[in-house]
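Structure assessment
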Amino acid sequence: MLFFSFFKTLTNQTVTIELKNDIRIRGILKSVDQYLNIKLDDVEVLDLDKYPHLSSVKNMFIRGSVVRYVMLPRSEVDVGLLEDATRREAANQAGKAR
Amino acid sequence: MERLSLNESPANAQRNPQQQPQQQQFQQQNSLGPAGQMPTSGPPQLPPQMFTTAAQLLDLTDKKLVLVLRDGRKLVGVLRSWDQFANLVLQDTVERIYAGKLYADVPRGIFLVRGENVLLLGEVDLDREDEIPSTVTKAPFEEVFELKKQEDNKRKSGDKKRHTELSALGFEPEHSGEILF
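So, how was this worked out
- Residues numbered from 1 in each chain as written.
- Chains lettered and ligands numbered in written order.
- Predicted model: local features only at pLDDT ≥ 70, side-chain atom pairs only at ≥ 80, totals over all residues.
- pLDDT = per-residue confidence, 0-100.
- Contact = placed C-beta atoms within 7 Å.
- UniProt positions renumbered as here; feature names shortened; annotations may be inferred.
- Helix = DSSP H or I, 4+ residues; strand = E, 2+ residues; numbered from the N terminus.
- Nonpolar A, V, L, I, M, F, W, Y, C, P; charged D, E, K, R; others polar.
- Pairing = 2+ DSSP bridges.
- Expected span 1.5 Å × (residues − 1).
- Buried ≥ 20, exposed ≤ 12 C-beta atoms within 10 Å, placed from the backbone.

1. Re the confidence of the model for chain B
Residues and elements named next belong to chain B. Confidence in the prediction for chain B averages 78 pLDDT; 69% of positions are at 70 or higher. When the criterion is pLDDT under 50, residues 11–40 qualifies, and its contacts beyond four places in sequence or with other chains add up to 38 contacts. Reported confidence for the predicted complex is 0.84 by ipTM and 0.76 by pTM.

As structure tokens, then:
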């Protein structure tokens, strides 16, 4: 659930998403759900000439399972906080496994 | 789920107002914690029910959408129904086939798509839907279909060759062999 919460803190930021089929889409992150499905507003497809079917699309629902990368604005990520949260999560998981 | 309003305030807003300051402080400290609380700082808070598959698809219901499937098919139709797995029902669907600089439309009717095959769903901007990029032109279906078949075969043999070479070197094929277009 850590990354779900993390992405929730990034709503209304501009992110670039690269899909597993190499399409890169930039847009405003509107929403994310438990499967990390992503909803983007005001989308802009980079290299649109290769993907003409996306030319008149204004917002998008992307299934989490096809996302390869999400590129985030550096200024919006509190790396220290994220590191702490990751360790806490890992400790929790280790506790559960025992 | 469908009965929830997206504009409803978060659950904790209904609690005793005297407890709220404490509550918010607690949430701030735990904003990235495993409990999955939302941060109270920054932009206005969205209610938690915004963050479900159902809420994401709710806005797209009865809209004209482009659906891209895992096998590379592009379908244009009106979203009529869906569930939490992103299983979808599309009405008045048209399959749009692209090959090289050509495209063709094939009327298909109603589609029920299993969620796992969905790559993405895009809402068509009705003001811009007729602006077809100058790089593609409409052509008869047979012509486009033939060209697409050739392209697919070429890509398939290329992929196969790459996979054999990669696995000879001890690499797993990308997306563990799953084909995505």
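2. Details of the UniProt feature "domain: Sm" (unreviewed entry) in chain B
Per the UniProt record, the feature "domain: Sm" (unreviewed entry) sits at residues 52–127 of chain B. Along residues 52–127 of chain B, the helical share is 8% and the strand share 61%, with 29 Å between the first and last C-alpha atoms.

3. So, the UniProt feature "domain: Sm" (unreviewed entry) in chain A
UniProt feature "domain: Sm" (unreviewed entry): in the numbering of this structure it lies at residues 2–76 of chain A. Secondary structure within residues 2–76 of chain A divides into 11% helix and 47% strand; the distance between the first and last C-alpha atoms comes to 16 Å.

4. Quick word on the interface of chain B and chain A
You'll often see interface size given as the accessible area lost when the parts meet. The interface of chain B with chain A comprises 39 residues on the first partner and 38 residues on the second. Secondary structure elements with two or more residues in the side of chain B that touches chain A: helix H2 (53–58), strand E3 (88–99) and strand E5 (118–124) of chain B. Broken down by element, the side of chain B that touches chain A gets its largest block of residues, seven residues, from E5 of chain B. Taken together, the residues of the side of chain B that touches chain A break down into 23 nonpolar, nine polar and seven charged. Where strand E4 (residues 57–62) of chain A lies against E5 of chain B, five bridges are found, and the strand directions are antiparallel. Each bridged residue has a counterpart across the sheet, and for Met60 of chain A the counterpart in E5 of chain B is Gly122 of chain B.

5. Some words on helix H2 (residues 79–97) of chain A
Taking 1.5 Å of rise per residue, the 19 residues of H2 of chain A would be expected to cover 27 Å, and the 27 Å separating its terminal C-alpha atoms lies within 8% of that figure. With one of 19 residues buried, H2 of chain A is to be regarded as a mostly surface element.

6. Here we look at the sheet that holds strand E3 (residues 38–46) of chain A
Strand order across the open sheet formed by eleven strands is E5(A)-E1(A)-E2(A)-E3(A)-E4(A)-E5(B)-E1(B)-E2(B)-E3(B)-E4(B)-E6(B), with mixed pairing between neighbours. On the outer flanks of this sheet lie strand E5 (67–71) of chain A together with strand E6 (137–138) of chain B, each paired with one strand and no other. The pairing of E3 of chain A with E4 of chain A spans three bridges and is antiparallel. For Lys39 of chain A, the partnering residue across the bridge sits in E4 of chain A and is Phe61 of chain A.

7. Points about unusual backbone geometry
Phi angles above zero are rare outside glycine, and Leu36 of chain A is one such case at about 60°. Structurally, Leu36 of chain A can be placed in the loop between strand E2 (24–32) and E3. Phi angles above zero are rare outside glycine, and Ala86 of chain B is one such case at about 65°. Tracing the backbone shows Ala86 of chain B in the loop between strand E2 (74–82) and E3. Judged by C-beta crowding, with 24 C-beta atoms within 10 Å, Ala86 of chain B ranks as buried.

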